[in-house]
Amino acid sequence: MGEQPPEDQDGSAAGPLTCYRHAGRETGIRCTRCERPICTDCMIEASVGFHCPECVREGSGTGHHPAASRPRTLAGGRIAADPRLVTKILIGVNLAVFVAVLVSERSRFPLVDDLLLFGRAYTGDPSGGLEGVAEGQWYRLVTSMFLHQEVWHIAFNMLGLWWLGGPLEAALGRARYLALYLLSGLAGSALTYWIADPAQGSLGASGAVFGLLGATAVLMRRMNYDMRPVIALLVVNLIFTFNPWGAIAWQAHVGGLVAGALIAVAMVHAPRERRNLVQYGACALVLVVVVVVVLIRTAALT
């Protein structure tokens, strides 16, 4: 008599595990208490392994402080009712700036000139004087992160933000995810300011999106997921970044990618007992590097 195929805990034949709360989401993670399969949106880090939301709620009457049983993300953030809220807000800000730029182009004072990232140059009438980050307009390092001019440009960036941002926001928590996004974008802007021609303009959220791509690779490695899809996506994006026929600010892509990966390593690999120190320390370190790079470049240009 032949052997019966192995069965999962729910009695079904063995196959790819799917989250018990989100049908169709494959996962290799199980709750260490009830052994039900859970996805990254549902898993809550415990002292050993991960727990599902139901087991965490059932453990709230164990005599520990309520905060000890409060659901937390992989990186220690709070579980949110809407795990994509910050991602939606960021997309909304990008779209709002895009519309404002389009409307302003019909006027005598295009908004893009006030938001564009460049080091030091004359804009418009030379009698108006020099402008740029080196002239004290540091805000351009931030505003350029939300600036697009072409429909295809914002379409690709917002699709990337939606696809990559949602899972990361769920895994890291809102505050950590927002810090990752902003610091990745700033790192991309700083590297562009440092290396690019000071009169060359740069715009777009590509640096921040590449930061999310680097963080996604780190998270997938942490979860022992198949790395081939994210590696393929990264290779394709790098090919487009360094293509010889397009005027792409590769500095923003590289700066955002490196910063996003480094911050994500601190977010998902920090020891639990020193989690906040490591995570916020890594964010502070990246910010300090950005400021130092900007100061050095400004001194060189002025």
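Our subject is the structure that appears above.
Residues numbered from 1 in each chain as written. Predicted model: local features only at pLDDT ≥ 70, side-chain atom pairs only at ≥ 80, totals over all residues. Heavy atoms only, no water.

Colleague: Describe the packing of helix 5 (residues 151-172) against helix 6 (residues 174-195), listing the residues and the values that go with them.
Modeller: Contact pair helix 5 / helix 6: the axes reach a minimum separation of 7 Å and the direction vectors enclose 135 degrees. By the angle between their directions, the pair helix 5 and helix 6 is classed as oblique. Crossing of helix 5 against helix 6: the hand is right-handed. Side by side, helix 5 and helix 6 meet where Leu 161, Gly 165, Leu 168, Glu 169 and Leu 172 of the first sit next to Arg 174, Arg 176, Tyr 177, Leu 180 and Tyr 181 of the second. Of the residues assigned to the contact of helix 5 with helix 6, the class counts are six nonpolar, one polar and three charged. (Axes fitted to C-alpha atoms, helices over the stretch in contact; angles between N-to-C directions. Helix = DSSP H or I, 4+ residues; strand = E, 2+ residues; numbered from the N terminus. Parallel < 35°, antiparallel > 145°, perpendicular 65-115°, else oblique. Left-handed = near helix turned anticlockwise from the far one by under 90°. Contact = heavy atoms within 4.5 Å. Nonpolar A, V, L, I, M, F, W, Y, C, P; charged D, E, K, R; others polar.)

Colleague: Explain a nonpolar patch on the surface to me, using residue names and the numbers behind them.
Modeller: Where nonpolar side chains cluster on the molecular surface, the patch consists of Trp 194, Ile 195, Phe 242, Trp 250, Val 288, Val 292 and Ile 296 and spans about 670 Å² of accessible area. Taken together, the elements giving at least two residues each to the nonpolar patch come down to helix 6 and helix 10 (275-301). The leading source of residues in the nonpolar patch is helix 10, at three residues. Tracing the sequence through the fold places Trp 194 in helix 6. (Patch = residues over 30% accessible without salt bridge, like charges linked within 9 Å, V, L, I, M, F, W, Y side chains within 5 Å. Areas by Shrake-Rupley, 256 points an atom, 1.4 Å probe, with all protein chains shown as cover. Salt bridge = Lys/Arg side-chain N within 4 Å of Asp/Glu carboxyl O.)

Colleague: Can you lay out the nonpolar core for me, pointing to particular residues and giving the numbers?
Modeller: Grouped together as the largest cluster of nonpolar side chains are 69 residues, with contacts concentrated most on Ile 38, Leu 161, Tyr 177, Tyr 181 and Leu 212. Looking at this core, the elements with two or more residues in it are helix 2 (85-104), helix 3 (112-115), helix 5, helix 6, helix 7 (206-222), helix 9 (250-269) and helix 10. The element contributing the most residues to this core is helix 7, with nine residues. If we ignore the near neighbours within four places in the chain, the residues touching Leu 161 are Thr 87, Leu 90, Ile 91, Asn 94, Gly 166, Tyr 177, Tyr 181 and Leu 212. (Core = buried A, V, L, I, M, F, W, Y, C linked by side-chain atoms within 4.5 Å. Buried < 20%, exposed > 50% of the residue type's maximum accessible area, 1.4 Å probe, protein only.)

Colleague: Account for the side chain of Ser 189, with residues named and values stated.
Modeller: Here Ser 189 lies in helix 6. Classification of Ser 189 by relative accessible area gives buried; the value is 5%. For Ser 189, the contacting residues outside a window of four places in its chain are Leu 117, Leu 141, Ser 144 and Met 145.

Colleague: I'd like a description of the packing of aromatic side chains, backed by residues and values.
Modeller: Counted under the stated rule, the structure contains zero aromatic pairs. We note Arg 36 situated over the ring of Tyr 20; from NZ or CZ to the ring centre the distance is 4.3 Å. Lying across the ring of Trp 162, Arg 84 places its NZ or CZ 4.3 Å from the centre. (Phe/Tyr/Trp six-rings, centres within 6.5 Å; stacked < 30°, edge-to-face > 60°. Lys NZ or Arg CZ within 6 Å of the ring centre and 35° of its normal.)

Colleague: Any details on the environment of Leu 295? Residues and values, ideally.
Modeller: You can see Leu 295 is positioned in helix 10. Exposure remark for Leu 295: the relative accessible area of 45% places this residue in the partly exposed category. Put simply, Leu 295 and Trp 194 are 101 residues apart on the chain and 9.6 Å apart in space, counted from C-alpha to C-alpha.

Keep in mind these values describe shape, not function.
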